[in-house]
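Observations on the three-dimensional arrangement
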Amino acid sequence: MGEVAVIGLGGMGRAIARNLVRAGHETVVWNRSSGPAEELAQAGALRVTSVAEALRCPVVFSVLSDDTAFTETFLDSGVLEQARPGAVHVNVATVSVELCRRAAQVHAEHGIGYVAAPVFGRVIVAEAGALNILAAGEPELIDRVQPFFDVIGSRTWRLGERPEQANTAKVLGNYLIACAIQSLGEAVSVAEAAGADPGQFVELLASTLFPGPVYSGYGSMIAQRKYQPAAFTTALGRKDLHLALQAAAAQEVSLPFGDLLRGVFDQAIADGHSTDDWAAIAEQQPR
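Cut-offs applied
Residues numbered from 1 in each chain as written. Predicted model: local features only at pLDDT ≥ 70, side-chain atom pairs only at ≥ 80, totals over all residues. Heavy atoms only, no water. Helix = DSSP H or I, 4+ residues; strand = E, 2+ residues; numbered from the N terminus. Rg over C-alpha atoms; globule rule 2.2 N^0.38 Å. Contact = heavy atoms within 4.5 Å. Areas by Shrake-Rupley, 256 points an atom, 1.4 Å probe, with all protein chains shown as cover. Lys, Arg positive; Asp, Glu negative; His and termini not counted. Charge placed at Lys NZ, Arg CZ, Asp CG, Glu CD. Axes fitted to C-alpha atoms, helices over the stretch in contact; angles between N-to-C directions. Parallel < 35°, antiparallel > 145°, perpendicular 65-115°, else oblique. Left-handed = near helix turned anticlockwise from the far one by under 90°. Nonpolar A, V, L, I, M, F, W, Y, C, P; charged D, E, K, R; others polar. Phe/Tyr/Trp six-rings, centres within 6.5 Å; stacked < 30°, edge-to-face > 60°. Buried < 20%, exposed > 50% of the residue type's maximum accessible area, 1.4 Å probe, protein only. Lys NZ or Arg CZ within 6 Å of the ring centre and 35° of its normal. Expected span 1.5 Å × (residues − 1). Pairing = 2+ DSSP bridges. Right-handed = clockwise from strand over helix to strand, strands pointing away.

Okay, the overall build of the protein chain next. Along its length, the protein chain carries 12 helices and nine strands. Over its C-alpha atoms the protein chain spans a radius of gyration of 20 Å, differing by no more than 12% from the 19 Å that the globule rule assigns to 287 residues. For the protein chain, the spread of C-alpha atoms along the three principal axes comes to 65 × 45 × 35 Å. Excluding contacts between residues fewer than 6 apart, the proportion of contacts in the protein chain whose partners are at least 24 apart in sequence is 66%. Of the accessible surface of the protein chain, which amounts to about 12900 Å², a share of 53% is contributed by carbon and sulfur atoms. Within the protein chain, the 31 negative side-chain charges are centred at a point lying 3 Å from the centre of the 21 positive side-chain charges.

See below:
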């Protein structure tokens, strides 16, 4: 089995690391706070005390929260100079297309491979090893890390040889989810005002016109007005919406719904829904 490191042990990072340990891979873990790393060490992972130590592995997965966290940890810290020559860094996080381009360039300057591999799937999907992995980068690098992808995901979608192609697909996918949540909120508001049972209305939509996890899962939250526990917060949703708008602007393409959603997200956060599931943007509709 291979040696692999996981840097960043939030809900997604913990699930990925745990599955790699269970599959028999020698798994090194690092996290800014000690609790998650200690938990995984008890499950069989090897805890290290610095990012530099983790970068001595031949394959490194990182699951950090945003552009700032990634930049501070890898690009502005000088830590890549201490990485294992010829290592491959797999960035699972949803980051901007611009940062992805910079990351690939800086890694190449240090002789380190860079693969972008954001995922579709919540933590519960990650725990089941059933993520959809959106991978882009040099084909031989993806080949090297594919055995690890096979552990954490149900399918790897190879989207191109430029890492930013994966991040573009990911932010646009999240943009479409936000559009679906907004339209669901609008439709449920009208149906409820007309006397329909919101739960039954959502079940109808998800069973006929729009089968799949987006309408059934988010529709259920909206119908029940239950936004905790949050698997993906409104604050993170706003971040990803802005990434989609930036990606579109770079291609000189307008996203009219995105401009509308920017105001919806801002108001939802102003109303106190920052840490609620992003389905809470539906509360901006009169109900």
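A separate point is the packing of helix 8 (residues 164-193) against helix 12 (residues 256-270). Taken N-terminus to C-terminus, the directions of helix 8 and helix 12 make an angle of 70°; their axes are 11 Å apart at the nearest point. Between helix 8 and helix 12, the angle is such that the two are roughly perpendicular. Considering the relative orientation of helix 8 and helix 12, their crossing is left-handed. Taking contact as the criterion, the partners of Tyr175, Ala178, Cys179 and Gln182 in helix 8 are, on helix 12, Phe257, Gly258, Leu261, Val264 and Phe265. Broken down by class, the residue content of the contact of helix 8 with helix 12 amounts to seven nonpolar, two polar and no charged.

All chains considered together, the criterion is met by eight aromatic pairs. Centre to centre, the rings of phenylalanine 61 and phenylalanine 149 are 6.0 Å apart; their planes meet at 85°, and the pair counts as edge-to-face. Here phenylalanine 61, found in strand 4 (residues 59-62), pairs with phenylalanine 149, found in helix 7 (residues 139-152); they are 88 residues apart in sequence, far enough to count as distant. Here phenylalanine 61 matches phenylalanine 149 in class, with each residue buried. Ring centres 4.3 Å apart and planes at 15° place the aromatic pair phenylalanine 210 and tyrosine 215 in the stacked group. Connected via pairs of aromatic rings, a cluster forms that spans Tyr218, Phe232, Phe265 and Trp278. Sitting above the plane of the tryptophan 157 ring, arginine 155 keeps its charged end 3.4 Å from the centroid.

Turning our attention to helix 10 (residues 213-224). For helix 10, spanning 12 residues, the distance from its first C-alpha to its last is 16 Å, which sits close to the expected 16 Å at 1.5 Å a residue. Tucked into the core, helix 10 has its buried residues touching helix 8 and helix 9 (198-207). Following helix 10 by one or two positions, arginine 225 adopts a phi angle in the positive range, close to 55°.

Right, let's talk about the pairing of strand 4 for a bit. Burial along strand 4 is two-sided: the face carrying Val59 and Phe61 and the face carrying Val60 and Ser62 are both buried. Note that strand 1 (residues 3-7) and strand 4 share four bridges and pair parallel. Pairing of valine 6 across the sheet is with phenylalanine 61, part of strand 4. You can see the chain leave strand 4, run along helix 4 (residues 67-75) and come back into strand 5 (residues 88-91), and the turn it takes is right-handed.

Look at helix 5 (residues 97-109): 19 Å from first C-alpha to last across 13 residues, which is about the 18 Å you get at 1.5 Å a residue. Within helix 5 the residues assigned to the buried category are Val97, Leu99, Cys100, Ala103, Val106 and His107. Contacts made by the buried residues of helix 5 are with helix 4, strand 5, strand 6 (113-116), helix 8 and helix 11 (234-250). Of the residues trailing helix 5, glycine 111 is marked for its positive phi of about 70°.

Further remarks concern the sheet that holds strand 9 (residues 153-158). One open sheet accounts for three strands, arranged 7-8-9; its pairing is mixed. The sheet terminates laterally at strand 7 (119-120) and strand 9, the two strands that pair on one side only. Two elements, strand 7 and strand 8 (residues 131-135), share two bridges in a ladder whose sense is antiparallel. Each residue of the ladder has a partner; that of phenylalanine 120, found in strand 8, is asparagine 132.

Quick look at the environment of isoleucine 7 now. Counting through the fold element by element, isoleucine 7 comes out in strand 1. For isoleucine 7, a relative accessible area of 0% puts it in the buried group. Along the backbone, isoleucine 7 and tryptophan 30 are 23 residues apart, and their C-alpha atoms lie at a distance of 5.0 Å.

Right, let's talk about the environment of alanine 43 for a bit. Residue placement: alanine 43 occurs in the loop between helix 2 (34-42) and strand 3 (46-47). On the accessibility criterion, alanine 43 (45% relative accessible area) is partly exposed. Through-space distance from the C-alpha of alanine 43 to that of aspartate 259 is 45 Å; in sequence the pair is 216 residues apart.

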